[in-house]
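Overview (structure and organization)
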Amino acid sequence: MFNRILIANRGEIALRIIRACRELGVEAVCVYSEADKDAKYLRMADRAICIGPAPAKESYLNISRIIAAAEIADVDAIHPGYGFLSERAEFAQACRDCKIEFIGPTPEAMARLGDKVACKNAAKEAGVPVFPGSAGAIEDPEEAVKIADKIGYPVIIKASAGGGGRGMRVCHNEGSLRSNIQAASTEAQAAFGNGAVFIEKYLEHAQHVEIQVIGDKHGNAIHLWERNCSMQRRHQKLIEEAPSPGLDRETIRPVCEAAVRLIKQAKYHGAATCEFLMDEKRNFYMLEVNTRVQVEHPVTEMITGVDIVKTMIRVAAGEKLPYTQDQIHVNGHAIECRINAEDPDRKFMPQPGPINRWEPPGGPGVRMDTHVVPGYVVPKFYDSMVAKLIVHDETREKCIERTRRALAEFTVEPIKTTIGLHARLMENGDFRKGGVDIHYLERLLK
Ligand code: ADP
């Protein structure tokens, strides 16, 4: 096992990784920007090193500063968390060059599965169902029109290097496809430094179902079943749950097994998530693979009992996966509500500033993943998520009731948050029935 790990991230996920380190008897080193210098979670680390000013480009996204901190602290490994540098193959490569273990896949495996076009081709080889669409990047609008005629409208244009729901355009006819393809490529070049775009069939009524997988360096890999993340706004998840409502194990098992084949074939080690859309007939189409820990990993931890972050660290240290597939069982139901510092009544406007009153919920089956304490000041520089409320119970119905109870206990003042919206959603008849599609929340909020 490692002696010391550097956490190249901030906020709740940094604290989540500190906790995993503690339980493994490993020292944790945090890095922080000037905007986070007073954050209380830094005190829970064995050491905290300032890596620069508030803008992420000058701190959390700055590879040389993070590597310098890692050298100073003399760490064996770096955990990248999610977002920031977690999916940058060049960062994984920089770690390797400095003989620091990157807690995640090799740069090669990351490039193979992290790029949407490369990943689709790998998926086809592994027998994972993918969307009908272009086989690779598209340069010529004529080519796009030909493919769209074959698969039928609507189609979606996506950036091969895209992420965070950005750079996607839906086209309902030939005219809009022609006029959008060039613009999408220019936008992708500016946003991701890679102008490659591709098209695929656009599903109007689909659910987002994703499979958690994890592999070790000895060629073993398992899945931890699925999560349903259909409650989205602007392609950003707001509620995640596991298992997926109304989905029987026999339907989802082959999809999980295909996901395991894919990461084995890619010689992938570490945690990964294969994201799928499921249509009304329960056909699955893979969207992409996320080559890192996901924000919503706790719902899977709650139903399987597997500590995903600790397992990531263990496999990075060269240990064999501590579980075989037949040891993984689904127990009960879990729901995660993302608590964002945003005002749902004013177009989800970000709410930076001090939190004077912070009274989180507790009690049976309630887990709070957050770095916030009373007096915390939400910085304006980063993501607006301030907490994840994760609730577990025996059945989905009970879990919804428990989530309602927990949300009612939760008080945050004076900034506005998504707590009230979650409370309303827990009472929403369609959500309670289960099976709402990925556009449901947008329609509801209109
Ligand atoms: P990103 O990497 O930017 O998060 P994804 O490919 O994971 O992009 O897609 C994010 C979300 O966009 C999906 O959960 C879904 O809501 C929507 N989406 C993506 N592809 C399609 C598609 N082919 N049809 C319908 N919706 C889609």
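Residues numbered from 1 in each chain as written. Predicted model: local features only at pLDDT ≥ 70, side-chain atom pairs only at ≥ 80, totals over all residues. Heavy atoms only, no water.

Moving on, we get to the packing of aromatic side chains. A ring pair, where both rings are aromatic, is described by two values, the distance of the centres and the angle of the planes. Under the counting rule described, the total for this entry stands at 8 aromatic pairs. Taking the centre distance of 6.1 Å and the plane angle of 50° together, the rings of Phe 381 and Tyr 382 count as tilted. You can call Tyr 382 buried: its relative accessible area is 11%. Aromatic rings pair up to connect Tyr 60, Phe 84, Phe 381 and Tyr 382 into one cluster. (Phe/Tyr/Trp six-rings, centres within 6.5 Å; stacked < 30°, edge-to-face > 60°. Buried < 20%, exposed > 50% of the residue type's maximum accessible area, 1.4 Å probe, protein only.)

With 9 of its 9 residues buried, strand E21 (residues 385–393) lies for the most part within the structure. With 8 bridges joining them, strand E14 (residues 333–340) and E21 adopt antiparallel strand pairing. Directly across from Ala 334, in E21, lies its bridge partner His 392. Pairing of strand E19 (residues 366–370) with E21, which is carried by 5 bridges, proceeds in the antiparallel orientation. Residue pairing across strands places Val 366 opposite Val 391, the latter belonging to E21. (Helix = DSSP H or I, 4+ residues; strand = E, 2+ residues; numbered from the N terminus. Pairing = 2+ DSSP bridges.)

The next thing to look at is the site of the ligand. The local shell around the ligand holds 22 residues, among which Lys 116, Gly 165, Lys 201, Gln 232 and Glu 288 are the closest. At 3.1 Å, a side-chain N or O of Glu 200 approaches a nitrogen atom of the ligand. Within the contact set of the ligand, a nitrogen atom lies 2.8 Å away from a backbone nitrogen or oxygen of Lys 201. When isolated, the ligand has an accessible area of 560 Å², and the protein chains bury 95% of it. If you list the elements that add at least two residues to the shell around the ligand, you get strand E6 (155–159), strand E8 (197–201), strand E12 (270–278) and strand E13 (284–290). For the shell around the ligand, the class distribution of residues is 8 nonpolar, 7 polar and 7 charged. (Near = heavy atom within 4 Å. Polar contact = N/O pair within 3.5 Å; in protein donor to acceptor, adjacent residues only side chain to side chain. Areas by Shrake-Rupley, 256 points an atom, 1.4 Å probe, with all protein chains shown as cover. Nonpolar A, V, L, I, M, F, W, Y, C, P; charged D, E, K, R; others polar.)

Glancing now at the domain arrangement of the protein. Domain boundaries in the protein define domain 1 (4–103), domain 2 (129–201) and domain 3 (207–444). Contacts between domain 2 and domain 3 engage 9 residues on the former and 8 residues on the latter. Across the domain 2/domain 3 interface, buried area totals approximately 730 Å², and carbon plus sulfur atoms make up 66% of it. Per-residue buried area on domain 2 facing domain 3 is highest for Pro 129, Val 130 and Phe 131; these three make up 58% of the total on that side. The interface formed by domain 2 and domain 3 includes 0 salt bridges. Of the residues contributing to the side of domain 2 that touches domain 3, the split by class is 5 nonpolar, 2 polar and 2 charged. (Domains from an automatic or database assignment. Contact = heavy atoms within 4.5 Å. Buried area = accessible area lost by both parts, 1.4 Å probe. Salt bridge = Lys/Arg side-chain N within 4 Å of Asp/Glu carboxyl O.)

Moving on, we come to the pattern of salt bridges. Working definition: two side chains of opposite charge can pair if their charged atoms are close together. Taken as a whole and assessed by the stated rule, the structure comprises 40 salt bridges. Connected via shared salt-bridge partners are Glu 210, Arg 227, Lys 237, Glu 240, Glu 275, Glu 296 and Arg 338.

Turning our eyes to something else, we now look at unusual backbone geometry. In this model, Tyr 153 is joined to Pro 154 through a cis peptide bond whose omega is -5°. Of note, Pro 154 is situated in the loop between helix H6 (141–151) and E6. Note the cis peptide between Glu 413 and Pro 414, where omega equals 0°. By the element assignment, Pro 414 lies in the loop between strand E22 (411–413) and helix H12 (419–427). Its identity is not glycine, yet Phe 84 carries a phi of approximately 40°, on the positive side. Note that Phe 84 resides in the loop between strand E4 (77–79) and helix H3 (89–97). The backbone of Arg 282 shows a phi angle near 65°, a positive value even though the residue is not glycine. Looking at where Arg 282 falls in the secondary structure, it is placed in the loop between E12 and E13.

Inspection of the secondary structure assignment puts Thr 417 in the loop between E22 and H12. With a relative accessible area of 13%, Thr 417 lands in the buried category. A distance of 3.1 Å separates the side chain of Thr 417 from the backbone nitrogen of Ile 419, its partner in a polar contact. Not counting chain neighbours up to four residues away, the residues in contact with Thr 417 comprise Ile 339, Asn 340, Glu 342, Pro 344 and Val 412.

Turning our attention to the sheet that holds strand E9 (residues 207–215). Strand order across the open sheet formed by 8 strands is E13-E12-E9-E10-E11-E14-E21-E19, with antiparallel pairing between neighbours. Where the open sheet ends on each side, the last strands, each with one partner, are E13 and E19. Each strand axis lies, on average, 25° off the axis of its neighbour in the sheet, ignoring direction. With 9 bridges connecting them, E9 and E12 associate as antiparallel partners. Within the sheet, the bridge partner assigned to Ile 214 lies in E12 and is Ala 271. (Axes fitted to C-alpha atoms, helices over the stretch in contact; angles between N-to-C directions.)

The 5 strands are arranged E3-E2-E1-E4-E5 in an open sheet whose pairing can be described as parallel. Strands at the two margins of the open sheet, each flanked by one partner only, are strand E3 (47–52) and strand E5 (101–102). Here strand E1 (residues 4–7) pairs with E4 via 3 bridges, running parallel. For Ile 5, the partnering residue across the bridge sits in E4 and is Ala 77. Each of E1, strand E2 (27–33) and E4 touches helix H1 (residues 11–24); the most contacted strand, E1, lies at about 175° to it. Docked against the sheet, helix H2 (residues 63–73) engages E1, E2, E3 and E4, running at close to 150° with respect to E3.

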